[in-house]
Amino acid sequence: MRRFFTVIIPVYLLIACIACNSSQEPEQVGNGEAMPDNTGTFGSIRLDYADTGSEAWKEVRVRLDSFYQAQVKAGFNGSVLIGYEGKVLYERYFGFADREAKTHLAPDASVQLASITKTFTGASILYLYQHKYLNIDDPVKHYLSSFPYEGITLRMLLNHRSGLPDYLHWVPQYVKDGRTPIYNKQMLALMAKHKPPLQFKPGTRFRYSNTNYALLASVIEAVSGLSYKQFMERYIFDPLGMKSTFVFDPADGLPDAATISYKYNWVRDPVMFADGVYGDKGIYSTAQDLYRWDQSFYQNRLLDNETMELAYGPCSFEKPGIRNYGLGWRMLCYPDGYKIIYHNGWWHGNNTCFYRFIKDNFTIIVLGNKYNKGIYKQPPVLYSIVKKTEHTGDFAGDE
């Protein structure tokens, strides 16, 4: 967990002038009804670029470039995109996608999103809920018959109030080969067999656990009759034009354009047992494609406004403060009603940030493929450089 400071209340003056497939089969199948067609009539989301030729913007750009010169010297290797009202304000690529091959990062170089994947899994569950294919207040056992616990609902998985222990910690007790990937089906089978103890009574508190979203991926498969990879391609990636986005399967390896995951010292991070589990992580994408994902919510491509309000509603109130979790999103909820909707990620050498100032349609995306915990401190600096500031406050930097 990390905390640092930045601005919260936005001021529009500067921006206003600028803006002038896994091989595993699902445990169950769906109810036999055809899934809704999500291709729609909109077509893919096209990226537009803001007119940044003003003197005010040139000054901001110099400051951003200067900031990243220092970040690169400090070890940053990654992609950056800042967007406002559907237009790209700033986009840069620093370093290598594959250092050994001397392949530099580029717009089509996909990065492991790590826990930002949870935003896709959560939105997919809510899409199925919106279309009445499931009820998020149903017990998990209703959809996954081998699930060994009573009293845990899909909603509790979505908002991390299930009490389920993180599979990253308990699976190694039962799987001694730490280098061979397992998949969601094996993880669920291990859970059914060994029933690791709950951390607390379901529904009584928040505790972040990757197990929740791995199970939600299995629910998507059970309800839709599609693999998680197929569902994402059919209902999200292809309709939105996210051509460089995919679900990683270690059995398939990485496509040529995908980035290599590096430790801080440029040593490759090896594949291990958890790399086959998806839903909590596992989606590779680019800064441009992630911006398409961001903009899809403003255009109601996947979810309607009522469902998005459900997703953005804070769910845990045991501890005072502005930090909270909704249904698939971390958030900062301020007393004046202002919200920052975000998710960070960390898996192997990949550190990722996805910050959405939804009232302003202002977005910050930072994707790194070489371990650098300083990445989580970048969004508040970027925000303070681009937007004029009036107040200070907490700007969470959790994985």
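First, a word on scope: everything that follows refers to the structure included in this document. Since we're looking at a predicted model, the values are computed, not measured.

Attention now moves to the environment of F231. If you trace the backbone, F231 turns up in helix α8 (residues 228–240). Distance from F231 to I220, taken between C-alpha atoms, is 7.9 Å for residues eleven residues apart in sequence. Leaving out residues up to four positions away in the same chain, F231 has contacts with M35, S124, Y127, L128, I220, S224, L226 and I236.

Turning our eyes to something else, we now look at the pairing of strand β3 (residues 78–84). Judged by how many residues are buried, β3 sits mostly within the fold: seven of seven residues are covered. What you see with β3 is no split at all: G78, V80, I82 and Y84 on one side and S79, L81 and G83 on the other are buried throughout. Sheet topology places β3 next to strand β4 (residues 87–94); seven bridges connect them, and they run antiparallel. The residue bridging I82 from the neighbouring strand is Y90, located in β4.

It is worth spelling out the environment of Y342 at this point. Here Y342 shows up in strand β12 (residues 339–347). On the basis of relative accessibility, which here comes to 1%, the residue Y342 falls in the buried class. When the C-alpha positions of Y342 and T363 are compared, they lie 9.5 Å apart, and in sequence the two are 21 residues distant.

As summarised here, the arrangement of the three strands in space is β7-β9-β8, forming an open sheet in which the pairing is antiparallel. Every interior strand has two partners, whereas the edge strands, β7 (111–112) and β8 (246–247), have only one. Relative to strand β9 (residues 283–285), β7 is paired through two bridges, and the arrangement is antiparallel. By the bridge assignment for β9, Q112 is matched with Y284.

By size, the foremost hydrophobic cluster in this structure holds 85 residues, and its most contacted members are F120, F147, M232, I236 and W293. Among the elements that make up this core, the one with the highest residue count is helix α7 (residues 210–224) (nine residues). When neighbours within four sequence positions are excluded, M232 is seen to be in contact with F120, T121, S124, I220, F237, V247 and I283. Core analysis: the next-biggest nonpolar cluster, separate from the first, contains 31 residues, A50, W57, V60 and Y68 among them.

A separate point is the packing of aromatic side chains. Enumeration according to the criterion identifies 26 aromatic pairs in this entry. With a centroid separation of 5.7 Å and an interplanar angle of 50°, the aromatic rings of F248 and Y284 are classed as tilted. Here the residue F248 occupies a position in the loop between β8 and β9, and Y284 occupies one in strand β9, the gap between them amounting to 36 residues. Residue classification places Y284 among the buried residues on the basis of a relative accessible area of 6%. For the pair W346 and Y371, a centre-to-centre distance of 5.3 Å together with 35° between the ring planes defines the contact as tilted. On the criterion of sequence distance, the pair formed by W346 in strand β12 and Y371 in the loop between β14 (362–368) and α11 (378–386) is long-range, its members being 25 residues apart. The side chain of R356 reaches across the aromatic face of W329, ending 5.1 Å from its centre. Over the ring of F362 we find K387, and its NZ or CZ is 4.8 Å from the ring centre.

Conventions and cut-offs
Residues numbered from 1 in each chain as written. Predicted model: local features only at pLDDT ≥ 70, side-chain atom pairs only at ≥ 80, totals over all residues. Heavy atoms only, no water. Helix = DSSP H or I, 4+ residues; strand = E, 2+ residues; numbered from the N terminus. Contact = heavy atoms within 4.5 Å. Buried < 20%, exposed > 50% of the residue type's maximum accessible area, 1.4 Å probe, protein only. Pairing = 2+ DSSP bridges. Core = buried A, V, L, I, M, F, W, Y, C linked by side-chain atoms within 4.5 Å. Phe/Tyr/Trp six-rings, centres within 6.5 Å; stacked < 30°, edge-to-face > 60°. Lys NZ or Arg CZ within 6 Å of the ring centre and 35° of its normal.

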